[in-house]
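# Notes for the structure review
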Amino acid sequence: MRGIIFISIAVLLAINNIFVNFRIGSISFDRLLEFGIFFIFLKSYVKEIKTNAFFRKYNTYIVVFAIIQLLMNFKLLMFEDMPIKIIYVSLIKCFSYIVFSYLFLLIAKENTKYINIIIWVHLGICLFALLHHPMSPLSGQIHELKTILYKGVGGNAGLAKKLEGQSLYIELGLGNRFRASGPFASAIAFSYFLINTLFLNIFMYMRTKKNMYLIIIGFVMVCSFLTQTRSLILAELIIILGIWLYMNNKKLNSYKVAAAIAVLALSPIVLNKISSVSQSGENSRLTQLNDKGSDRELLWLTGLYAVASHPFGITDDQYADIRREMYYSSGSLSVLHMPSHNGFINTGFNYTIFGYLIMIGFFIFMYRSGKYLSKYYKILFFTFFIAYFVHSSFHNNFLFYADYEVYMVIMLMSVQYYHEKNNKQDSKPVLNGIG
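Attention here is on the structure that accompanies the text. As the structure is a prediction and not an experimental result, all values here were calculated from the model. (Residues numbered from 1 in each chain as written. Predicted model: local features only at pLDDT ≥ 70, side-chain atom pairs only at ≥ 80, totals over all residues. Heavy atoms only, no water.)

The next subject is the overall build of the protein. Regarding its fold elements, the protein presents 19 helices and 2 strands. A burial count over the protein gives 50% of its 435 residues as buried. Contacts in the protein between residues at least 24 apart in sequence constitute 72% of all its contacts with a sequence separation of at least 6. Surface exposure of the protein reaches about 20700 Å², of which carbon and sulfur atoms provide 65%. (Helix = DSSP H or I, 4+ residues; strand = E, 2+ residues; numbered from the N terminus. Buried < 20%, exposed > 50% of the residue type's maximum accessible area, 1.4 Å probe, protein only. Contact = heavy atoms within 4.5 Å. Areas by Shrake-Rupley, 256 points an atom, 1.4 Å probe, with all protein chains shown as cover.)

This is the structure we're talking about:
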């Protein structure tokens, strides 16, 4: 029975953010199931809090974030006429971070086979994305399946427009401008999924040296290019080059540093040449070296200005006023309707200006925790978090806001630490499996 529950947990975690349209109130069915399973293991969770210092401090940060958000929401409720719904929705969301993190920690500590189940489900999601692309002969049928996932989204004009656009691209065979999103609502949501599943596969390859993880990594990279998300490709290059530069080297060679810089500098040009040869007409979004029309710097500045103007919480109407002010001074239409497109800046919107201090404290906590790992895993985790920060600096999702898969990576730090600690006590090699 325990094994069946653990398999169910692995599947639930793997399909996160896919069945968001199937919900009771504001909570999706899969999240409700996770809550139910969490309470089954509540006693085990309390024991983990008592015995696992990393997990205890991690929970403390989430609780502190929740308290700050609660105070902010009370202030908005009392003085800005915000609906009371915002109070319990925010508390449930913070609780869901703890639930998701603990359930992954629970199964990852038990046995690597449950991580493999997550990876295999992720592979299926990548296959869905490949078959959904206009180059696939099954793209039309796969798109019909996707529309079922988001049936009844008429109230979400943005999502409905994306689905209609994907249908048109598939019908016309316009693969060069199609942004793969798999079963997710957007290519950006898919990109967050991809960077985290890339890490899981690299981690498991380091543990087992099995070539199947390299094959899956190849699938992940192909899907990453098909999303046409430049920040994702840059982040994945940082991870891969970081591993190549620092691992299995007693001394860092200058030629490797030069080669890494050259690869990062030349990659856009190479991608542009590949696109020109393989596709007709307009180059793909991925190979465009400019970001004309997005005005990201203005979006970032607008977000920072909004937080600075309302450091203890801001309403939609107040943010709209800030946007109009920035529009009058800059003339950029994008600031009127686009969010900040920077996950770290969005921390201020969700947790007031004090959220920045707590988030920096959390970064320091993660850095200090990573220092206790062995060399290879220390490099792997540090490189990932640098890459993750780079990626999220161009998009809105971030830690303790709208990204859940990253909690798997964070929990693996705890798993790896205690695994190494136990192996030292038993005088076993570090590269053995978890379970």
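We are not done yet, so read on.
Applying the stated criterion across every chain yields a total of 4 salt bridges. Across the pair R31 and E34 runs a salt bridge, and its minimum N-O distance is 3.0 Å. Of this pair, R31 and E34 both sit in helix α2 (residues 29-40), 3 residues apart, roughly one helical turn. In this structure E34 comes out as buried when scored by relative accessible area, which is 0%. (Salt bridge = Lys/Arg side-chain N within 4 Å of Asp/Glu carboxyl O.)

Time to look at the packing of aromatic side chains. Under the counting rule described, the total for this entry stands at 56 aromatic pairs. With centroids separated by 6.3 Å and ring planes inclined at 25 degrees, the aromatic side chains of Y388 and F398 adopt a geometry described as stacked. Residue Y388 is found in helix α18 (residues 375-392), and its partner F398 is found in the loop between α18 and α19 (406-426); the two are separated by 10 residues along the sequence. Using a relative accessible area of 2% as the deciding quantity, one classes Y388 as buried. On the accessibility criterion, F398 (1% relative accessible area) is buried. Between Y404 and Y407, the aromatic rings sit 5.8 Å apart at their centres with planes inclined by 80 degrees, giving edge-to-face as the arrangement. In this structure, Y404 and Y407 share a single accessibility class: buried. Across from the ring centre of Y404, 4.0 Å away, lies the NZ or CZ of R31, which sits over that ring. (Phe/Tyr/Trp six-rings, centres within 6.5 Å; stacked < 30°, edge-to-face > 60°. Lys NZ or Arg CZ within 6 Å of the ring centre and 35° of its normal.)

The next point concerns the packing of helix α13 (residues 296-309) against helix α16 (residues 343-351). α16 packs onto α13 with a crossing angle of 25 degrees between their chain directions and a minimal axis gap of 9 Å. Relative to α16, the element α13 lies roughly parallel. Considering only the axes of α13 and α16, their crossing is left-handed. Together, W300, G303, L304, A306 and V307 of α13 and I345, G348 and F349 of α16 make up the contact between the two elements. Considering only residue class, the contact of α13 with α16 consists of 6 nonpolar, 2 polar and no charged. (Axes fitted to C-alpha atoms, helices over the stretch in contact; angles between N-to-C directions. Parallel < 35°, antiparallel > 145°, perpendicular 65-115°, else oblique. Left-handed = near helix turned anticlockwise from the far one by under 90°. Nonpolar A, V, L, I, M, F, W, Y, C, P; charged D, E, K, R; others polar.)

The next point concerns unusual backbone geometry. With a phi angle near 60 degrees, K209 is a residue other than glycine that sits in the positive phi range. Positionally, K209 belongs in the loop between α9 (187-208) and α10 (211-226).

Attention shifts here to the side chain of H133. Among the structural elements, H133 can be located in the loop between α6 (112-132) and α7 (139-149). Contact partners of H133, with chain neighbours within four places excluded, come to S139, G175, F178 and L226.

Helix length check: α9, at 22 residues, gives a terminal C-alpha distance of 31 Å against a target of 32 Å (1.5 Å per residue), a fit within 8%. The element α9 is extensively covered by neighbouring structure, given that 19 of its 22 residues are classed as buried. Of the residues trailing α9, K209 is marked for its positive phi of about 60 degrees. (Expected span 1.5 Å × (residues − 1).)

On to the environment of P134. Positionally, P134 belongs in the loop between α6 and α7. The class for P134 is buried, based on a relative accessible area of 14%. With near-sequence residues (within four places) excluded, P134 lies in contact with S139, Y169, I170, G173, L174, G175 and F178.

For the rest of this paragraph, the subject is the side chain of N59. The residue N59 is located in helix α4 (residues 53-79) in this model. Excluding anything up to four places from it in sequence, N59 contacts Y45, I49 and I98.

Attention now moves to helix α8 (residues 157-172). Its 16 residues give α8 an end-to-end C-alpha distance of 22 Å, which sits within 8% of 22 Å, the value for a rise of 1.5 Å per residue. Taken residue by residue, α8 has L159, A160, L163, Q166 and I170 as its buried positions. Here the buried residues of α8 occupy an arc of 125 degrees about the axis, which is enough to place them on one side. Turned more than 90 degrees off the buried face of α8, the exposed positions are A157, K161, E164, E171 and L172. Residues of α8 that are buried make contact with α6 and α7. (Arc of directions from axis to C-beta.)

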